[in-house]
Amino acid sequence: MLVNAAAFQLEAVEHHQVELRHRVIAGKPERPTPTVHATIRALNFFPFWRVPESVATLDLIPRLVKEPEYLRKEQIRVLSGSFNGPEIDATSMDWRQADANKIKFRQDPGPQNALGLLRLDMPNSEGVYMHDTPMKPLFNQRVRAFSAGCVRVQDVFALGEWIARYEPGWERPGRVREILQAGQAMDITLTRPVAVYFTYITAWAEPDGTIEFRPDIYGRDGLREVAGLHERDPAEGPAPPWSLAP
């Protein structure tokens, strides 16, 4: 499987043939999606989101200074010391003095969860992964650099079914839909893990000889960013709302 952050695209490949293509959302220029080679080892349905310390420090705590009710609205719990620590009464916190080294944030599973309803578990040194998202209208944008480094996948349920297609009990289509309808958290450990590469390719040739170019959103091609590169196309509608998401 190949994810090209510069093209905001994922390709699922088998026997040198592209079987699926998905739009993806990649990292912001200030928090880019890294180049990674990993292996998808499990599918996590209805996952918790354990908010990384960097996201807690840079995004969540500053938000709570202005909007402390955000935790209740997004069903995020405050825990002492670790993600398995005792829950803290968030209403007693002074968020201007909060230290992300001493507290943890964990979001309950559900449609509001930043990971959506499915996470693709791919252990790696960068701590990134692929997942669903409640912010699906963002897939309509042309430049989809909105995340904190992880990759959000459009129609990730179809991708999950493709990944697990050789697993026992997954021979017939529709297994993902059944799990989602049941509404219960479930982890599927793969007996046939799937290799995945996060890449950054801004120019390539198609089989017919056509050359494709994509913006150098992370400035990795050795040239200064072209002025106006990240200006929005008015046809895409209003700017997306602020969201807390990996």
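Every value quoted in this text rests on a predicted model; they were computed, and no experiment measured them.

Focus on helix 1 (residues 53–66)
Alright, step 1. A rise of 1.5 Å per residue sets the reference length of helix 1, with its 14 residues, at 20 Å; its end C-alpha atoms lie 19 Å apart and thus fit the reference within 8%.
Alright, step 2. Those residues of helix 1 that fall on the buried side of the exposure criterion are Val-55, Ala-56, Asp-59, Leu-60, Ile-61 and Leu-64.
Alright, step 3. Contact partners of the buried residues in helix 1: strand 5 (49–50), helix 2 (70–74) and strand 8 (103–107).

What about the packing of aromatic side chains?
Alright, step 1. Under the defined criterion, the tally for this structure stands at two aromatic pairs.
Alright, step 2. Ring centres 5.8 Å apart and planes at 35° place the aromatic pair Trp-95 and Phe-105 in the tilted group. Here Phe-105 lies in strand 8 and Trp-95 lies in the loop between strand 7 (87–88) and strand 8, a separation of ten residues in the sequence. Each member of the pair, Trp-95 as well as Phe-105, is classed as buried.
Alright, step 3. Plain terms: the ring middles of Tyr-200 and Tyr-218 are 5.2 Å apart, the flat faces sit at 15° to each other, and that makes the pair stacked. With Tyr-200 in the loop between strand 13 (186–199) and strand 14 (203–205) and Tyr-218 in the segment after strand 15 (211–213), the pair connects residues that are 18 residues apart, well separated along the chain.
Alright, step 4. Judged by its relative accessible area of 14%, Tyr-200 is buried.
Alright, step 5. Residue classification places Tyr-218 among the buried positions, given a relative accessible area of 12%.
Alright, step 6. Here Arg-119 stacks its cationic end above the ring of Tyr-129, 4.2 Å away from the centre of that ring.

Concerning the confidence of the model for the protein chain
Alright, step 1. Per-residue pLDDT for the protein chain averages 91, and the proportion of residues at 70 or more is 91%.
Alright, step 2. Within the model, pLDDT remains below 50 along residues 224–230, and this stretch shows eight contacts once partners closer than five positions in the same chain are excluded.

Thoughts on the pattern of salt bridges
Alright, step 1. Counted according to the given criterion, the structure contains 13 salt bridges.
Alright, step 2. Two residues, Glu-11 and Arg-21, come together in a salt bridge whose shortest N-O distance is 2.9 Å. Of this pair, Glu-11 sits in strand 2 (residues 9–14) while Arg-21 sits in strand 3 (residues 17–27), placing them ten residues apart in sequence.
Alright, step 3. Look at Glu-11 and you get buried, because its relative accessible area is 15%.

Considerations on the packing of helix 3 (residues 156–163) against helix 4 (residues 175–182)
Alright, step 1. Remark: helix 3 packs on helix 4, axes separated minimally by 9 Å, with the N-to-C direction vectors making an angle of 120°. Here helix 4 runs oblique to helix 3, going by the angle between their axes. Contacts between helix 3 and helix 4 involve Phe-157, Gly-160 and Glu-161 from the former and Arg-175, Val-176 and Leu-180 from the latter.

Here is what the cut-offs are and how they apply
Residues numbered from 1 in each chain as written. Predicted model: local features only at pLDDT ≥ 70, side-chain atom pairs only at ≥ 80, totals over all residues. Heavy atoms only, no water. Helix = DSSP H or I, 4+ residues; strand = E, 2+ residues; numbered from the N terminus. Expected span 1.5 Å × (residues − 1). Buried < 20%, exposed > 50% of the residue type's maximum accessible area, 1.4 Å probe, protein only. Contact = heavy atoms within 4.5 Å. Phe/Tyr/Trp six-rings, centres within 6.5 Å; stacked < 30°, edge-to-face > 60°. Lys NZ or Arg CZ within 6 Å of the ring centre and 35° of its normal. pLDDT = per-residue confidence, 0-100. Salt bridge = Lys/Arg side-chain N within 4 Å of Asp/Glu carboxyl O. Axes fitted to C-alpha atoms, helices over the stretch in contact; angles between N-to-C directions. Parallel < 35°, antiparallel > 145°, perpendicular 65-115°, else oblique.

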